[in-house]
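Structural overview for review
Each chain, letter by letter, is given below.
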Amino acid sequence: METLLHSAWEAAREGVLVHAEGRVVYLNPVAAELLEVERDKVVGRSLLLALRDHKLEAVARRGGEATVETRSRTLWVRAIPGVLLLWDRTEEKNRLEALEESSRVLAHEFRTPVAGMLSLLEALQSGLQGAQAQEALQLLYQETLRLRRLVEDLPLHRRPSQNRTFALEELQNRLERFLAPQLAQKSAWIQWQIPHTVWANPDAVYQALLNLLDNALKYGTGPEIVVLSGQNKEGVWLEVRNQGQPLEDFERLFKAGQRGMHAANVRGTGLGLALVRRLAAGWGGTAYGRALENGNAFGLTFPLYTGGATQPSDSSSPRVNYRNGE
C-alpha cells in the first residue's frame, strides 16, 4: 500500500509536500517544479527552505486554503496537518484577466458608435426632413453594418480579416458627419490632408481614427484639429494633431486604464488608446504619440503594401520608431 501511495503522489498533477516537525519529509515532482527547488536538496531541511515564502509557510503551519502569489506564479494551496497541496492557477488567472480586459475593450469599442447612432435617432425624432433625414438614415445604416462586422470579428484576438487597399480620404466625410455634434459643441473643425492609400481593414482604421479624433476633441485646447498622412521608407503614417500642453509619457497612455494628466475633468475610461494600438496591430501597424511645439500628435502606421497600389511621397513625414510605437 505504501508503494502504491508513493506512486500516486509521484504521478499526481498537483504538488504534494509532506512535512513533520517543521522539516520536509517528501515532495513530488510537480511540487518541486512549482516551488522551483531540487528535491534532494530540500528533503530533510526546514520547511521554509523548500517553500521560500513566508505566506506559504504560514498556510502550511496553520492549515486551510489560500491563493498565494509567489515567484511569478499564482498558486492555490490547501493545507492539512503534515501535508501541503499546491495547484498552479497562473494560466487561469491570466485568462480571466485577459477576458476582463477584452470585455472592457469591447464595451469601449461599441460605446462610441452606439452613442452616435442614438444622436442620429434623436435628430430623426426631432423632425429632420428631406435630404437631412435621408443622410441621417444612411449614416445609421452604415453604423449598423459596422457593428455587425465588429460582432462577426469576435473574439478580439483574431486579426481583422477584411483588409483591402483603400484611400484614406474615403473615411473623411463619414467621420466628419459622425462627429458633427461634437465639432459644433466645441466650435471646432478638422483640417484634412490625407492623400495616401493603405492596406488595412477600413472599419478598423475608421474606429481607430474615430477614437483619436474623439480624444483630440476632449483634450485639445484649440478649435482646429489637423489630420494628415505621409510616407517614408517604412510605410505610411497617419496623425491627428491638436493644440494643447505637450505631454511627456505617451507610452503609458496606450496601456488600458491609463489617462493623461489633464483628464481629471473629462469623462472617459482610459481604454481608447489601448484599443487604437490593438486595432493597428491587426493590420501590421502600430500606434504612437509624440509631442509637438504647441500640442500633441497621436498617430497610426501602416506597412508598405507591395501589391501595386501607388501612394504619394511626402518628405515631411515625422521620425517615428515603428518598432516601439513612439
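Criteria and thresholds
Residues numbered from 1 in each chain as written. Predicted model: local features only at pLDDT ≥ 70, side-chain atom pairs only at ≥ 80, totals over all residues. Heavy atoms only, no water. Helix = DSSP H or I, 4+ residues; strand = E, 2+ residues; numbered from the N terminus. Buried < 20%, exposed > 50% of the residue type's maximum accessible area, 1.4 Å probe, protein only. Contact = heavy atoms within 4.5 Å. Areas by Shrake-Rupley, 256 points an atom, 1.4 Å probe, with all protein chains shown as cover. Pairing = 2+ DSSP bridges. Axes fitted to C-alpha atoms, helices over the stretch in contact; angles between N-to-C directions. Polar contact = N/O pair within 3.5 Å; in protein donor to acceptor, adjacent residues only side chain to side chain. Phe/Tyr/Trp six-rings, centres within 6.5 Å; stacked < 30°, edge-to-face > 60°. Salt bridge = Lys/Arg side-chain N within 4 Å of Asp/Glu carboxyl O. Parallel < 35°, antiparallel > 145°, perpendicular 65-115°, else oblique. Left-handed = near helix turned anticlockwise from the far one by under 90°. Nonpolar A, V, L, I, M, F, W, Y, C, P; charged D, E, K, R; others polar. Arc of directions from axis to C-beta.

Moving on, we come to the overall build of the protein chain. When helices and strands are tallied, the protein chain shows 10 helices and 12 strands. Here the protein chain, with 326 residues, has 44% of them falling under the buried criterion. Looking at the protein chain alone, contacts between residues at least 24 apart form 58% of all its contacts between residues at least 6 apart. Looking at the protein chain as shown, the accessible area adds up to about 17800 Å², and 51% of this sits on carbon and sulfur atoms.

What follows concerns the sheet that holds strand β10 (residues 235-243). In a beta sheet, neighbouring strands are held together by backbone hydrogen bonds and run either parallel or antiparallel to one another. Sheet architecture is open: five strands sit in the order β7-β9-β10-β12-β11, paired in mixed fashion. Pairing within the sheet leaves two strands with one partner each, and these edge strands are β7 (189-193) and β11 (287-291). Ignoring strand direction, the axes of neighbouring strands in this sheet form an average angle of 20 degrees. Relative to β10, strand β9 (residues 224-232) is paired through eight bridges, and the arrangement is antiparallel. Its bridge partner lying in β10, Val-226 is registered against Arg-241. Its contacts with the sheet place helix α10 (residues 272-282) against β11 and β12 (295-303), and it is angled at close to 130 degrees to β11.

It is worth spelling out the environment of Asn-28 at this point. Within the secondary structure, Asn-28 sits in the loop between β2 (23-27) and α2 (29-35). On a C-alpha basis, the gap between Asn-28 and Leu-17 in space is 6.7 Å, while along the polypeptide they are 11 residues apart. Apart from the residues within four sequence positions on either side, Asn-28 is in contact with Trp-9, Glu-10, Ala-12, Glu-14, Gly-15, Val-16 and Arg-39. In terms of polar contacts, Asn-28 uses its side chain to reach the backbone amide nitrogen of Val-16, at 2.9 Å. A distance of 2.9 Å separates a polar side-chain atom of Asn-28 from the backbone nitrogen of Ala-31.

To continue, consider the packing of aromatic side chains. Under the criterion given, the structure shown has five aromatic pairs. Ring geometry for Phe-250 and Phe-298: centres 5.5 Å apart, planes at 65 degrees, overall edge-to-face. Remark: Phe-298 occurs in strand β12 and Phe-250 occurs in the loop between β10 and α10; sequence separation between them is 48 residues. When its relative accessible area of 10% is taken as the criterion, Phe-250 is described as buried.

Applying the stated rule across the entire model yields 17 salt bridges. Asp-53 serves as the salt-bridge partner of Lys-55, at 3.5 Å between the closest nitrogen and oxygen. Residue Arg-164 is joined to Glu-170 by a salt bridge in which the shortest nitrogen-to-oxygen separation is 3.2 Å. Members of the salt-bridge network, linked through shared partners, are Glu-36, Arg-73 and Asp-88.

A few words on the sheet that holds strand β3 (residues 64-70). Across the sheet, which stays open at both edges, the five strands sit in the order β2-β1-β5-β4-β3 with antiparallel pairing between neighbours. The open sheet is flanked by β2 and β3, the only strands paired with a single partner. The sheet shows a mean angle of 25 degrees between the axes of neighbouring strands, taken without regard to direction. Relative to strand β5 (residues 83-88), strand β1 (residues 15-20) runs antiparallel, the two sharing four bridges. Across the sheet, Val-18 pairs through a bridge with Val-83, a residue of β5.

This part takes up the packing of helix α9 (residues 202-219) against α10. A pair of packed helices can be characterised by two numbers: the angle between their axes and the separation between those axes. At a closest axis distance of 9 Å, the pairing of α9 and α10 adopts a crossing angle of 155 degrees. In terms of orientation, α9 lies roughly antiparallel with respect to α10. The way α9 lies across α10 gives a crossing that is left-handed. Here α9 contributes Ala-204, Gln-207, Ala-208, Asn-211, Leu-212 and Asn-215 to the contact with α10, which in turn contributes Gly-272, Leu-273, Leu-275, Val-276 and Leu-279. Grouping the amino acids of the contact of α9 with α10 by side-chain chemistry returns seven nonpolar, four polar and no charged.

Next up on the list: helix α5 (residues 54-62). Since the α-helix advances by 3.6 residues per turn, residues separated by three or four positions end up pointing in the same direction. Every buried residue of α5 is accounted for by Leu-56, Glu-57, Val-59 and Ala-60. Buried positions in α5, seen along its axis, are confined to an arc of 160 degrees and lie on one side of it. Turned more than 90 degrees off the buried face of α5, the exposed positions are His-54, Arg-61 and Arg-62. On the buried face of α5, the contacting elements are β1, α2, α4 (47-51), β3, β4 (73-80) and β5. Put simply, Asp-53 is the residue that caps the front of α5, since its side-chain oxygen is 2.8 Å from the backbone nitrogen of Lys-55. One or two steps after α5, the chain reaches Gly-63, where phi turns positive at roughly 85 degrees.

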